[in-house]
Protein chains: 4
Amino acid sequence: GYPLTLIGGPCVIESEYFTLKMAEKIRQICDRLGISFVFKSSFDKANRTSLDSFRGHSLEAGLEILQLVKDRIGVPTLTDIHESYQAATVAEVVDVLQIPAFLCRQTDLLLAAAATGRAINVKKGQFLAPWDMKHVISKLEAGGTKRILLTERGTSFGYNSLVVDFRSLPQLRSFNYPVVFDATHSVQLPGGQGSKSGGQRQFIPYLARAAAAVGIDALFMEIHANPDLAPSDGPNMIPLVNLEHILKQILCVRAGLEVASQPEFNAKN
Amino acid sequence: GYPLTLIGGPCVIESEYFTLKMAEKIRQICDRLGISFVFKSSFDKANRTSLDSFRGHSLEAGLEILQLVKDRIGVPTLTDIHESYQAATVAEVVDVLQIPAFLCRQTDLLLAAAATGRAINVKKGQFLAPWDMKHVISKLEAGGTKRILLTERGTSFGYNSLVVDFRSLPQLRSFNYPVVFDATHSVQLPGGQGSKSGGQRQFIPYLARAAAAVGIDALFMEIHANPDLAPSDGPNMIPLVNLEHILKQILCVRAGLEVASQPEFNAKN
Amino acid sequence: GYPLTLIGGPCVIESEYFTLKMAEKIRQICDRLGISFVFKSSFDKANRTSLDSFRGHSLEAGLEILQLVKDRIGVPTLTDIHESYQAATVAEVVDVLQIPAFLCRQTDLLLAAAATGRAINVKKGQFLAPWDMKHVISKLEAGGTKRILLTERGTSFGYNSLVVDFRSLPQLRSFNYPVVFDATHSVQLPGGQGSKSGGQRQFIPYLARAAAAVGIDALFMEIHANPDLAPSDGPNMIPLVNLEHILKQILCVRAGLEVASQPEFNAKN
Amino acid sequence: GYPLTLIGGPCVIESEYFTLKMAEKIRQICDRLGISFVFKSSFDKANRTSLDSFRGHSLEAGLEILQLVKDRIGVPTLTDIHESYQAATVAEVVDVLQIPAFLCRQTDLLLAAAATGRAINVKKGQFLAPWDMKHVISKLEAGGTKRILLTERGTSFGYNSLVVDFRSLPQLRSFNYPVVFDATHSVQLPGGQGSKSGGQRQFIPYLARAAAAVGIDALFMEIHANPDLAPSDGPNMIPLVNLEHILKQILCVRAGLEVASQPEFNAKN
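All of the points below concern the structure found in this document.

1. Remarks on the packing of helix H8 (residues 240–260) of chain B against helix H8 (residues 240–260) of chain C
Viewed as axis vectors pointing N to C, H8 of chain B and H8 of chain C meet at an angle of 150°, and their least axial separation amounts to 8 Å. Taken together, the axes of H8 of chain B and H8 of chain C lie roughly antiparallel to each other. Along this stretch, H8 of chain B crosses H8 of chain C, giving a crossing that reads as right-handed. In this structure, H8 of chain B contributes His245, Gln249, Cys252, Val253, Gly256, Leu257, Val259 and Ala260 of chain B to the contact, and H8 of chain C contributes His245, Gln249, Cys252, Val253, Gly256, Leu257, Val259 and Ala260 of chain C. Partitioning the contact of H8 of chain B with H8 of chain C into residue classes produces ten nonpolar, six polar and no charged.

2. Focus: the interface of chain B and chain A
In this complex, chain B contributes 40 residues to the contact, which on the side of chain A involves 40 residues. Interface area, chain B with chain A, both sides summed: about 3500 Å², of which 50% is carbon and sulfur. Its largest share of buried area at the contact with chain A, chain B owes to Leu51, Arg105 and Tyr159 of chain B, together 21% of the area lost on that side. The tally of links between chain B and chain A comes to four residue pairs in polar contact (both at pLDDT 80 or more). For the side of chain B that touches chain A, the secondary-structure elements that each account for two or more residues are helix H4 (107–115), helix H5 (133–142) and strand S7 (155–156) of chain B. Tallying contributions element by element places H4 of chain B first for the side of chain B that touches chain A, with four residues.

3. Quick word on the environment of Leu6 of chain C
All names here are of chain C. If you trace the backbone, Leu6 turns up in strand S1 (residues 5–9). On the basis of relative accessible area, Leu6 is assigned to the buried category, the value being 0%. Leave out the neighbours within four places in its chain, and Leu6 touches Ile26, Cys30, Ile35, Ser36, Phe37, Val38, Leu219, Met221, Ile223, Leu243 and Leu247.

4. Considering the pairing of strand S3 (residues 77–80) of chain A
Residues and elements named next belong to chain A. Judged by which residues are buried, S3 turns out to be covered on both faces: Thr77 and Thr79 on one side and Leu78 and Asp80 on the other are all buried. Viewed along the sheet, the connection from strand S2 (residues 36–40) through helix H2 (residues 59–73) into S3 turns out right-handed. As paired elements, S3 and strand S4 (residues 96–99) share three bridges and run parallel to each other. Counted as the bridge partner of Thr79 is Leu97 from S4. In this fold, S3 hands off to helix H3 (residues 86–91), which returns the chain to S4; that crossover is right-handed.

5. A word on unusual backbone geometry
The phi dihedral of Asp233 of chain A falls on the positive side, at around 60°, and the residue is not glycine. Considering the arrangement of structural elements, one finds Asp233 of chain A in the loop between strand S12 (218–224) and strand S13 (238–239). Unusually for a residue other than glycine, Asn176 of chain B sits at a positive phi of about 65°. Tracing the backbone shows Asn176 of chain B in the loop between helix H6 (168–173) and strand S9 (179–182). On the basis of relative accessible area, Asn176 of chain B is assigned to the exposed category, the value being 69%.

6. Let's talk about the relation of the copies chain B and chain A
Comparison of the two chain copies shows a relationship of rotation about an axis with a shift along it. Note on the copies: chain B fits chain A at an RMSD of 0.0 Å, the axial shift is 0.0 Å, and the rotation between them is 180°. Read as a symmetry element, the transformation amounts to a two-fold axis. In this assembly the copies share their binding face: 100% of the residues contributing to the interface of chain B also contribute to that of chain A.

7. Observations regarding the packing of aromatic side chains
Under the definition given, this model contains 29 aromatic pairs over all chains. Between Phe37 of chain A and Phe39 of chain A the ring centres are 6.3 Å apart and the planes differ by 90°, which places this aromatic pair in the edge-to-face class. What makes Phe39 of chain A buried here is its relative accessible area of 0%. For the ring pair Tyr159 of chain B and Phe157 of chain D, a centre distance of 4.9 Å and an interplane angle of 85° mean the geometry is edge-to-face. Of this pair, Tyr159 of chain B sits in the loop between S7 and strand S8 (162–163) while Phe157 of chain D sits in the loop between strand S7 (155–156) and strand S8 (162–163), on two different chains. Given the relative accessible area of 14%, Tyr159 of chain B is considered buried. By relative accessible area, which is 2% here, Phe157 of chain D ends up buried. The structure contains a cluster of three or more aromatic residues connected by ring pairs, namely Tyr159 of chain A, Trp131 and Phe157 of chain B, Trp131 and Phe157 of chain C together with Tyr159 of chain D.

Here is what the cut-offs are and how they apply
Residues numbered from 1 in each chain as written. Chains lettered and ligands numbered in written order. Predicted model: local features only at pLDDT ≥ 70, side-chain atom pairs only at ≥ 80, totals over all residues. Heavy atoms only, no water. Axes fitted to C-alpha atoms, helices over the stretch in contact; angles between N-to-C directions. Helix = DSSP H or I, 4+ residues; strand = E, 2+ residues; numbered from the N terminus. Parallel < 35°, antiparallel > 145°, perpendicular 65-115°, else oblique. Left-handed = near helix turned anticlockwise from the far one by under 90°. Contact = heavy atoms within 4.5 Å. Nonpolar A, V, L, I, M, F, W, Y, C, P; charged D, E, K, R; others polar. Buried area = accessible area lost by both parts, 1.4 Å probe. Polar contact = N/O pair within 3.5 Å; in protein donor to acceptor, adjacent residues only side chain to side chain. Buried < 20%, exposed > 50% of the residue type's maximum accessible area, 1.4 Å probe, protein only. Right-handed = clockwise from strand over helix to strand, strands pointing away. Pairing = 2+ DSSP bridges. Least-squares fit on C-alpha atoms with pLDDT ≥ 70 in both. Phe/Tyr/Trp six-rings, centres within 6.5 Å; stacked < 30°, edge-to-face > 60°.

Right, here's the structure in full:
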């Protein structure tokens, strides 16, 4: 089978030292487990619930730190963009441009991202059916790219709540692009803590395992040395100390699934 | 009681002649009925379902036509913006800047709109609880404006469907800003027609009357001389020929409600 | 226009004295306003959230009290049944048999109710689309009755929450049976208070007015002299003291709607 | 680890010959795979969408066939009951009484089932949050039983659609009763085919694997030699010919999960 990829890192770029340290620690775990690793962190949280929340560095300062992650830790990087003017600048540094879920239908943003030639990870909007991602994909393809990843991160379910419909993974897969499951945003409780989003960190391993059993190419998780002190998305990041155990569970589920798909497996029937 | 305002017009700016004609016709109806009128039309449909859909004019060409609407028809205008760089340019012409529902949490866009000093109509995201609009409002207020309108346009309800929760109108009202009900987007079936959104035009009068009975300051409706030939949102626009009748129904419901809120009404108990 | 009917009363039959007093008070208000009145109260709350909740009287004791309501207050009565064996006994006393929303697809219960010849008010399940009520109606019609009322009482919306989709009222109307809006159960928060359902009493007048503006034949409301002390459904009953005011609002909205449907109204165009 | 249980069989009891044959075939597969097997079939489909649908045998005729399944095939049986009077009679034959999802809050039905002393499998209502099952459990426990199984079978998601929230499995597990995942009803499209419910059979293996990866005690699946000719629930039953392959996938996922929970697994960190 193909190897698993982890897209992970702290939600938002904090200090240079902390960001490099996180990238290094996660890389070491992935290396031990034979998992490909793409470092994710946001330079700017442009759609925080509240204005008082920490938004992160400027574009330039954030990109400088991501360049250091590439140079010193030797891993590819991913970050999200929010307006079309950011695409070209970000693409100079970052390997994967991410389109946030709320913005997955913004044509100009998709076209600007496509024009960079970088890989694009587009998150399915919380308001979108899996089959409607075909139009998002068409826009990107019309923009000239086939380097597309599709991420499931939960669907609106009443107020202040999301639900993951795991039927979406095979549906997204049918578009013939790699499918990513975002295990940490899927347990968000949007707006659920008053001025910021809450989260249900305890359900992350369950949903990650379910996704692995359904079939994914990459797992997306926000990871932090100390989520309870994190400036953003703390309630739904996983503590670094738990990362290896969760990843091993995922690998075990995938190994089981691989056995089940061997020709010998069916011959034994 | 305070007078009703209609925010209305064709979804997207088509030809100069057609746009002016629509503005004139709607204005005549509103004048007859004593309704304030703000002309709405989009220069660009930046988040169409599909790339093949008509997107409209360029920003400049669209604004020129909206300027003509102001000059020749004598009505204020509203249009929507999608990236922060558009705010200042659009504000030179347009009286009300509109923030699309998908973008209602984009901090930079809200701040850019607020900085123009123009009134801002922000649509509640399909993924947002009414009480979470308080953070959207805080961002606009922090940006220096108190000229805010809040629009209900339906909430995600399963896939390819919206539902209007009329409890949201009094909840939005509690923020002490005018409340708008968007009767035509509320009957959209997002993505419901394959490559474009479907709509249930037949329910518009029902939902508009319900909103009037709950209590609104303005009614938002997309209106077209021939919706079935319209380049965008045809299935959920109302035909111009039906406008006067729908508005009269709304006025009748409001008149009834006004009787019910008179002191004499309660004295007669 | 046809007159409005109120289906109302305390959620559950309490003492004989209290029940008769409530029926009398509500009748006086309806008489003053020219509203038809059907007294509703349950002999048994068979699907309470928790077993510790008050369930009411036995079937026999409950029916005795409802018989007194008919004899002494002179109003027709409605109560709900939960198993098919109850239908015939209840029908000896009660004028309208009600099928609870959770049970609206139970064929035996529907057929037993139909066989009594009494009018049947069936509530649309919280899990059912309006158009799927056609099968419920077919079962009742196959059971030999055409005396059917259809009640909207909200639809599941995430967890512990309901939303009223007002598009359902014209859809239910299209089956050519009277349409009822249950304004008090529609604001329930199912299971929302731990061991019992919560409610949002403050939204009842808004939703009732919306329903009147959309168009209904009857309004269903649970009413109590002191909801906060009621043994069941307190959070979503309206206080008796507010009943007249709410009903007058409804009548004003209906009067407005009636003006709007006069031929003269359209002639004035 | 504990062995997996399969609760399975054709949705509704058809002929004696067919029912015995199905029980025998499924038993053989389960024996080969080391899976415990409980045969499920309904004597009566009391809540079919439409009256014209096949409802099955009478109670007595159905029970006779289930008795034969026990005697001749040697497997325990499960069937569902719809009114409280059926509980004692059914319990004379059947090993596990099942409470349908729509009826999971009907107190009398729960108490009658509990009084039989038989194990009870209660399906979580499509309208119920996982945590609200605690009240259902309390009713059963108050009725004197601790032999309870809890089944997840999807939650209302807009109209004519269900979604499985896999967070519910660990939440149900926290009540300390065995947790069952119903993989075939979870892919129903309620009312989705006009006069009967549709289904998405193609998603059954995905959801079953996801459930196994999250953690379940038993898998519930309706199975038929020829689902497309079945009198009930055809679109969401799995063909007998696919059963062994799906079960093997589940066992592989469980084996992977078991590795992940070994102490050695963590020591290797």
